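Residue-level structural notes
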Amino acid sequence: MGMLSAVRKRLTDRHRTLSECRHCGTNLATTTTECTTCGSHEIAQYDFSQ
Ligand SMILES: [Zn+2]
C-alpha cells in the first residue's frame, strides 16, 4: 500500500515538472543538477503545474 502511493506520487511529480539537459537533451530527474549523460550542469527545468 505504502509503496503504491510512493509510486503514484513519483508519477504525479513527473507530470508536473520536466528537467532536460540543455547540452544533449537528455531527460533527467527533477532533482538532478548534473546531466548523467554528458556531465553538463546546464539543466533546463520546465514546470507544468501552473
Ligand atoms: Zn547532457
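The coordinates are above.
In this report, we go over the structure that sits alongside the text.

Rules and cut-offs
- Residues numbered from 1 in each chain as written.
- Predicted model: local features only at pLDDT ≥ 70, side-chain atom pairs only at ≥ 80, totals over all residues.
- Helix = DSSP H or I, 4+ residues; strand = E, 2+ residues; numbered from the N terminus.
- Buried ≥ 20, exposed ≤ 12 C-beta atoms within 10 Å, placed from the backbone.
- Contact = placed C-beta atoms within 7 Å.
- Pairing = 2+ DSSP bridges.

Time to look at the overall build of the protein. Summing up its helical and strand segments, the protein has one helix and three strands in all. In the protein, the succession of α and β elements from N to C terminus is α-β-β-β. Burial statistics for the protein: of 50 residues in total, 4% are counted as buried. A sequence separation of at least 24 residues applies to 25% of the contacts in the protein between residues at least 6 apart.

On to the pairing of strand E1 (residues 17-21), then. The pairing of E1 with strand E3 (residues 43-47) spans five bridges and is antiparallel. Counterpart to Leu-18 in the pairing with E3 is Tyr-46. For E1 and strand E2 (residues 27-28), the ladder comprises two bridges, and the chain directions are antiparallel. From the neighbouring strand, Glu-20 faces E2, where its bridge partner is Asn-27.

Moving on to the sheet that holds E2. On the basis of which strands lie adjacent, the open sheet formed by three strands has the order E2-E1-E3 and antiparallel pairing. Each edge of the sheet is formed by a strand with only one pairing partner; in this case those strands are E2 and E3.

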